[in-house]
Amino acid sequence: MDRMTAATSSPTPAPAKRVLLAAPRGYCAGVDRAVIAVEKALEQYGAPVYVRHEIVHNKYVVKTLEKKGAIFVDETVEVPEGNIVIFSAHGVAPTVHEEARRGKLATIDATCPLVTKVHKEAVRFAKEDYDILLIGHEGHEEVIGTSGEAPDHIQLVDGPGDVENVEVRDPDKVVWLSQTTLSVDETMETVGALKERFPNLLSPPSDDICYATQNRQTAVKQMGAEADLVIVVGSKNSSNSVRLVEVALGAGARDAHLVDYAEEIDEAWLEGVTTVGVTSGASVPEILVEGVLEWLAARGFGDVEVIRAAEESITFSLPKELRRDLRTEAAELAAGPADGDASQG
Ligand code: SF4
């Protein structure tokens, strides 16, 4: 009787709806630098500026830069002779630099310094005649660029299932490297399987999976355990964004989806949901996350709690070619108008 009375007089309140917002999320230092490099190049040299492949894997960023005068091409040979071409944050093989030289193109290399670090490791181990096992996703631009540094020494290992296919010349002279944007846990699983086959497998001198990828995955793990639904803002071709969906599900989230924009969220995903986790990939501007938070707030999810896994303060200076030209211009401005300019006044 008591239970019935309680039920009619004070119904159990519905659980409060809330959002757990992962931090860090969104732009990493390498993406920030690459996007600013295109913007500065447009200001410095005027449109059009050609960019080989998407400068970073995000639809919104690419569209915004296109509106400002950037032209994205698939191959360097598509750039008309004498123009400027920017290489994307994912890095390129040496043959691409060679193509640009042949096409008499000026280049700005916006490869993330953390990808360049992996390229240098590949070159060094190839010089020492190691077999290099590059853990990464087949066809990803970063993997193509890194493999191009030492094609005769590198073979791709695309996850633990690929380990049995690996063949090396000398099992005592093997090293593994990796793509920068992989799942940390899956990569360690692959390394474990490789070590079973090659007990003397050498590890890279420092982590190849970059700080930004690791931090975003750690934050998602923390919030995924509590979330019914996780929304990851990012594009489908963004490796680190796709990994965040997998990590969220692995951490215990009931459901997780990748969306480019708030408009892609399906209302049905909210059925029976009280806690929504929100994060974004390393190539995603914050304005897109704000759009998702507004969309959720309009549906009763206005209470936002930040789950912070790490502080980030890393920044990278602009590509050297651009810095050189910006410095030259600044020096000319500081020197004052040339004689010809002065006479016009
Ligand atoms: S995700 Fe990591 S490697 Fe890729 S651009 Fe960002 S900082 Fe560089």
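Residues numbered from 1 in each chain as written. Predicted model: local features only at pLDDT ≥ 70, side-chain atom pairs only at ≥ 80, totals over all residues.

1. Quick notes on the domain arrangement of the protein
Heads up, the rule is: Domain delimitation in this document rests on an assignment produced automatically or drawn from a domain database. Contact definition: two residues whose C-beta atoms, as placed from backbone geometry, lie within 7 Å. Lys, Arg, Asp and Glu make up the charged group, whereas Ala, Val, Leu, Ile, Met, Phe, Trp, Tyr, Cys and Pro make up the nonpolar group; the residues left over, Gly among them, are polar.
Its domain assignment divides the protein into domain 1 (18-27 + 211-308), domain 2 (29-113 + 315-329) and domain 3 (114-197). Distance from the C-alpha centre of domain 2 to the C-alpha centre of domain 3: 27 Å. Taken together, the contact between domain 2 and domain 3 spans 12 residues of the former and 12 residues of the latter. Of the residues that constitute the side of domain 2 that touches domain 3, the class distribution is five nonpolar, seven polar and no charged.

2. Observations regarding the UniProt feature "binding site: isopentenyl diphosphate" (unreviewed entry) in the protein
Filter applied, for reference: UniProt positions are given in the numbering used here, feature names are shortened, and annotations may be inferred rather than shown by experiment. Only runs of H or I of at least four residues qualify as helices and only runs of E of at least two qualify as strands under DSSP, and these elements are numbered from the N terminus. Our exposure labels follow a C-beta count within 10 Å of each residue's own C-beta, placed from the backbone: buried means 20 or more other C-beta atoms, exposed means 12 or fewer, and partly exposed covers the counts in between.
In this structure's numbering, the residues bearing the UniProt feature "binding site: isopentenyl diphosphate" (unreviewed entry) are His 57, His 90, His 140, Ser 238, Ser 239, Asn 240 and Ser 283. Within the secondary structure layout, Ser 239 lies in helix α9 (residues 239-251). Ser 239 sits in the buried class, given 24 other C-beta atoms within 10 Å. Those residues in contact with Ser 239 that sit more than four places away from it in its chain are His 137, His 140 and Thr 181. Filtering out sequence-adjacent residues up to four positions away, Asn 240 remains in contact with Thr 181, Thr 213, Arg 216, Gly 281 and Ala 282.

3. Comments concerning the sheet that holds strand β1 (residues 18-23)
As a reminder of what qualifies: DSSP bridges decide pairing: two strands pair if at least two such bridges lie between them. To define axes, lines are fitted to C-alpha atoms, for helices over the stretch in contact only, and angles between the resulting N-to-C directions are given on a 0 to 180 degree scale.
The strand order across the open sheet formed by five strands is β10-β9-β11-β1-β12, and the pairing between neighbours is parallel. Among the strands making up the open sheet, the edge pair consists of β10 (255-259) and β12 (304-308). Averaged over all adjacent pairs, the angle separating strand axes in this sheet is 25°, with direction ignored. As defined by bridge partners, β1 adjoins β12 across five bridges and the pair is classed as parallel. For Ala 23, the partnering residue across the bridge sits in β12 and is Arg 308.

4. Re the site of the ligand
What counts, and what does not: Only the C-beta atom, placed from the backbone, is used; a residue is near a molecule or strand if that atom lies within 6 Å of it.
By nearness alone, 15 residues border the ligand, and Cys 28, Gly 30, Cys 112, Thr 180 and Cys 210 come closest of all. Taken together, the elements giving at least two residues each to the shell around the ligand come down to α2 (29-45), α5 (113-127) and α8 (211-224). Looking at the shell around the ligand element by element, the count peaks at three residues for α2. When grouped by side-chain class, the residues that make up the shell around the ligand number 10 nonpolar, five polar and no charged.

5. With respect to the packing of α8 against α9
Here is the rule we go by: An angle below 35 degrees is treated as roughly parallel, one above 145 as roughly antiparallel, one from 65 to 115 as roughly perpendicular, and anything else as oblique. Each crossing gets its handedness from the near helix: less than a right angle anticlockwise from the far helix is left-handed, clockwise is right-handed.
Where α8 meets α9, the closest approach of the two axes is 8 Å, and the angle between their N-to-C directions is 30°. The pairing of α8 with α9 is recorded here as roughly parallel in orientation. In this structure, α8 crosses over α9, and the sense of that crossing is right-handed. Of the residues in α9, those in contact with Thr 213, Arg 216, Gln 217, Val 220, Lys 221 and Gly 224 of α8 are Asn 240, Arg 243, Leu 244, Val 247, Ala 248 and Ala 251.

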